[in-house]
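Residue-level listing of the chains:
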Amino acid sequence: MSIMPDKPPLIILIAVTAVGPLAINIFLPSMPGLALDLNTDYAMVQLTLSLYLVGLSVAQLAYGPLSDRYGRRPLMLIGLSIFLLGTIICVMAPTILILIAGRILQAIGGCAGVVLGRAMVRDIYDRDHSASMIAYITMAMVVAPMMAPTIGGVLDEWSGWRSSFVFVFVVGVLVLAGAFLLLA
């Protein structure tokens, strides 16, 4: 007897999809302070955003074919784990170059939810229901980066730029645990 449901709850598919977009913008309010703290110029700090988007774009090309070959769940769990590794690097980054490397790993890992969340919907729902389910997931991809700067701004004011990455790490751990338990 399996403890996993036949269809994962929609909330976990929304959550895995929202993690990557949340990380895109959460630290935007912290960028000026980050430049001062890491003793770098603002152009280098902007690379943390630009290269995140590049990593997200390029990784999308790999997740589809790899998940067709090895399965959606294993790639989702691996992607979320890479995302968490990148987030830990961001939290601990002593230099801007290490922060940039962490952001690229975050993007590569966070991309798993963006790609595979929608693929899982197409796998488990019929044509009539999949359109509405994908609409919910798309909503997460819009709402998460829209709310992220506000959350990041509050966290930055409260305890500095690293706290945004700590928040993203905690959310990522919860989402990874949920994906591990609920995705068949």
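Here the structure is a predicted model, which is why all the values come from computation and not from measurement.

Student: Honestly, the overall build of the protein chain in this entry has me stumped. Any pointers?
Tutor: Counting its secondary structure elements, the protein chain contains seven helices and zero strands. N-terminal to C-terminal, the α/β element order of the protein chain is α-α-α-α-α-α-α. Whereas a compact globule of 184 residues would reach a radius of gyration of roughly 16 Å, the protein chain reaches 17 Å, a difference of no more than 12%. In terms of its C-alpha atoms, the protein chain occupies a principal-axis envelope of roughly 55 × 30 × 30 Å. In the protein chain, the share of contacts with a sequence separation of at least 24, taken over all contacts with a separation of at least 6, comes to 80%.

Student: What exactly am I supposed to notice about the pattern of salt bridges here?
Tutor: Between side chains of opposite charge, pairing is possible as soon as their charged atoms come close. One pass over the structure, following the stated rule, counts three salt bridges. Its salt-bridge partner being Arg162, residue Asp37 comes within 3.9 Å of it at the nearest N-O pair. Highlighted residues: Asp37 in helix H2 (residues 31-37) and Arg162 in helix H7 (residues 162-182), separated in sequence by 125 residues. Here Asp37 falls in the partly exposed class, since its relative accessible area comes to 47%. Residue classification places Arg162 among the partly exposed positions, given a relative accessible area of 27%.

Student: Teacher, can you tell me more about the packing of helix H3 (residues 42-70) against helix H5 (residues 96-124) here?
Tutor: Axis separation between H3 and H5 bottoms out at 7 Å; the angle between their running directions is 35°. Regarding H3 and H5, the two cross each other, and that crossing is right-handed. Of the residues belonging to the contact of H3 with H5, the class tally is 20 nonpolar, seven polar and one charged.

Student: Honestly, H5 in this entry has me stumped. Any pointers?
Tutor: Two residues of an α-helix separated by three or four positions point the same way, owing to the 3.6 residues in each turn. Over its 29 residues, H5 runs 42 Å from end to end, which matches the ideal 42 Å to within 8%, given 1.5 Å per residue. Of all bends in H5, the biggest is about 30°, found at Leu116.

Student: Is there a simple way to think about the confidence of the model for the protein chain in this case?
Tutor: Close reading of the predicted structure is inappropriate where its pLDDT is low. When pLDDT is averaged along the protein chain, the result is 92; 97% of the residues meet or exceed 70. Low pLDDT, under 50, characterises residues 1-5; the predicted model gives this stretch seven contacts beyond four residues in sequence or across chains.

Student: Please clarify how the side chain of Gln106 should be interpreted in this entry.
Tutor: As for its position among the elements, Gln106 is in helix H5. Residue class for Gln106 comes out buried when judged on its relative accessible area of 0%. At 3.0 Å, the side chain of Gln106 forms a polar contact with the side chain of Thr87.

Student: Would you mind showing me how to read the packing of aromatic side chains here?
Tutor: Between two aromatic rings, the relevant description is the distance of the centres plus the angle of the planes. Tallying each qualifying case throughout the model produces two aromatic pairs. Considering the side-chain rings of Phe27 and Phe165, the 5.7 Å spacing of their centres and the 35° angle between planes classify their relative orientation as tilted. Placement of the pair is Phe27 in the loop between helix H1 (10-25) and H2 and Phe165 in helix H7, with a sequence separation of 138 residues. Like Phe165, Phe27 is buried. Ring centres of Trp161 and Phe165 lie 6.1 Å apart, and the angle between their planes is 85°; this geometry places the pair in the edge-to-face category. Comparing Trp161 with Phe165, the two get one shared label, buried.

Student: Would you mind showing me how to read H1 here?
Tutor: Here H1 spans 24 Å end to end across 16 residues, near enough to the 22 Å set by a 1.5 Å rise per residue. At Ala18, H1 is deflected by roughly 30°, the largest bend along its length, and proline Pro21 occurs up to four residues later in sequence. The buried count for H1 comes to 13 of 16 residues, which makes it a mostly enclosed element.

Student: When you look at unusual backbone geometry in this model, what are you seeing that I'm missing?
Tutor: Note on backbone geometry: most residues besides glycine have negative phi, and most peptide bonds are trans. Positive phi is not limited to glycine here, since Asn39 has a value of about 55°. By secondary structure assignment, the location of Asn39 is in the loop between H2 and H3.

Student: I'm lost on the nonpolar core in this one. Help?
Tutor: Inside soluble globular proteins, nonpolar side chains tend to come together where they are buried. Counting residues in hydrophobic clusters, the biggest one holds 51 residues, and the most contacted among them are Leu34, Tyr63, Met76 and Leu99. Contributions of two or more residues to this core are made by H1, H2, H3, helix H4 (72-92), H5, helix H6 (127-159) and H7. In terms of residues, this core owes the most to one element, H5, which gives 10 residues. Met76 has contacts with Val16, Ala112, Gly113, Leu116, Gly117, Met120 and Leu183, leaving out every residue within four places of it along the chain.

What counts and what doesn't
- Residues numbered from 1 in each chain as written.
- Predicted model: local features only at pLDDT ≥ 70, side-chain atom pairs only at ≥ 80, totals over all residues.
- Heavy atoms only, no water.
- Helix = DSSP H or I, 4+ residues; strand = E, 2+ residues; numbered from the N terminus.
- Rg over C-alpha atoms; globule rule 2.2 N^0.38 Å.
- Contact = heavy atoms within 4.5 Å.
- Salt bridge = Lys/Arg side-chain N within 4 Å of Asp/Glu carboxyl O.
- Buried < 20%, exposed > 50% of the residue type's maximum accessible area, 1.4 Å probe, protein only.
- Axes fitted to C-alpha atoms, helices over the stretch in contact; angles between N-to-C directions.
- Left-handed = near helix turned anticlockwise from the far one by under 90°.
- Nonpolar A, V, L, I, M, F, W, Y, C, P; charged D, E, K, R; others polar.
- Expected span 1.5 Å × (residues − 1).
- Bend = angle between axes of the 7 residues up to and from the residue.
- pLDDT = per-residue confidence, 0-100.
- Polar contact = N/O pair within 3.5 Å; in protein donor to acceptor, adjacent residues only side chain to side chain.
- Phe/Tyr/Trp six-rings, centres within 6.5 Å; stacked < 30°, edge-to-face > 60°.
- Core = buried A, V, L, I, M, F, W, Y, C linked by side-chain atoms within 4.5 Å.

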